[in-house]
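Coordinate analysis (summary)
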Amino acid sequence: HDRIPYVAKEFGMKVALGLWLREDKEYNEREIERGLNAIADNPKVVDRVIVGNEAVGVRAELTAREVSDYIKRVKLAINNPKIEVGTAEVWPTWLTEPELADGADFVGIHILPYWDGVTLQDSMAHVITNFDKVAKLYPDKKIVIGETGWPSEGRVKKGAVPTAAFEAAFLRQFFRLAEQKNYDYYIIEAFD
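Here the structure is a predicted model, which is why all the values come from computation and not from measurement. In every chain, residue numbers begin from 1 and rise along the written sequence. For a predicted model such as this one, the threshold for reporting local features is a pLDDT of at least 70, and the threshold for listing and counting side-chain atom pairs is 80 or more; totals across whole chains, interfaces and linings nevertheless cover every residue. Water and hydrogen atoms play no part in the side-chain values, which are based on all heavy atoms of the structure.

1. As for the packing of helix 5 (residues 123-137) against helix 6 (residues 164-181)
Inclusion rule: The axes used here are C-alpha line fits, helices contributing only the stretch in contact, and every angle between their N-to-C directions lies in the interval 0 to 180 degrees. Helix numbers and strand numbers start at the N terminus; a helix is a DSSP run of H or I with at least 4 residues, a strand a run of E with at least 2. Each crossing gets its handedness from the near helix: less than a right angle anticlockwise from the far helix is left-handed, clockwise is right-handed. Whether two residues touch is decided by their heavy atoms; if any such pair falls within 4.5 Å, the residues are in contact.
Relative orientation of the contacting elements helix 5 and helix 6 amounts to 35°, with a least axis distance of 10 Å. Note on packing geometry: the crossing formed by helix 5 with helix 6 is right-handed. Across the interface between the two elements, S123, M124, V127 and I128 of helix 5 pack against F170, Q173, F174, L177 and K181 of helix 6.

2. Concerning the sheet that holds strand 1 (residues 15-19)
Operational definition: We call two strands paired when DSSP finds no fewer than two bridges between them.
Read from one edge to the other, the open sheet built from 6 strands follows the order 1-2-3-4-5-6, with strand pairing classed as parallel. Every interior strand has two partners, whereas the edge strands, strand 1 and strand 6 (184-187), have only one. Here the strands of the sheet are splayed against their neighbours by 25° on average, with no regard to which way each runs. Relative to strand 5 (residues 142-148), strand 4 (residues 106-110) runs parallel, the two sharing 5 bridges. Bridge pairing in strand 5 places V107 opposite I143.

3. Concerning the nonpolar core
The following threshold applies: Here, nonpolar core means buried Ala, Val, Leu, Ile, Met, Phe, Trp, Tyr and Cys residues that are tied together by side-chain atoms lying within 4.5 Å of each other. Each residue's exposure class comes from its accessible area (1.4 Å probe, protein chains only) as a fraction of the maximum for that residue type: buried when under 20%, exposed when over 50%, partly exposed otherwise.
If you look at the biggest cluster of nonpolar residues, it comprises 49 residues, and the most contacted ones within it are V49, V51 and I109. With sequence-adjacent residues up to four places away left out, V51 is seen in contact with L19, L21, V67, Y70, I71, V74, V85, G86 and T87.

4. Here's the deal with the packing of aromatic side chains
Put simply, the test is: Each Phe, Tyr or Trp ring (for Trp, its six-membered ring) is paired with any other whose centre lies within 6.5 Å, and the angle between the two planes then decides the class: stacked below 30 degrees, edge-to-face above 60, tilted in between. The rule for a charge over a ring is simple: NZ of Lys or CZ of Arg within 6 Å of the ring centre, and within 35 degrees of the ring normal.
Counted according to the given criterion, the structure contains 10 aromatic pairs. Considering the side-chain rings of Y114 and W115, the 5.0 Å spacing of their centres and the 80° angle between planes classify their relative orientation as edge-to-face. Residue class for Y114 comes out buried when judged on its relative accessible area of 3%. An aromatic cluster of at least three residues, connected via ring pairs, comprises Y114, W115, F131, W150, F170, F174, F175, Y183 and Y185. Positioned over the ring face of Y6 is R3, at 4.2 Å from the centre of the ring. R22 extends its terminal NZ or CZ atom over the ring of Y27, reaching a point 3.6 Å from the ring centre.

These figures come from the coordinates and say nothing about function on their own.
Encoded structure:
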């Protein structure tokens, strides 16, 4: 992932650089060093740094304080106010771990209605409700939807059915909603 800014630079693109954190502290130090080097080499390319991804609430490999300390270290090392630094977690984690926002420029929330077992019909209400819950708790922070989307294949989760048609419908509805609400967001796409 540390190579992405170099490639983006060639094409005049901006990127949010993710630094993967886990319970292995030595790994984290190497990851941060690689990320800081990539940022130093590409200061006009990286506009946001996501320090850790679901390390607290989903994987429970680090505490909120540990992630917050990493955020502060990275922010201090970058020393560029144009580059936002924060972390990303599933939305319920932000309701119980406010320490994650300590020192962060933004609160990165993952709102994934499919994974929460929400029907396509109710998915936009789910996005709005959970975005608003988090925003209310962090009124002085920028809220960024770090992940949202809908799978085209997979297993049914309660009322959430993965199909290509539902994926397209979710994205069309979400893009319309995001424009209306002025959401800052990322769409997650992957394949297995």
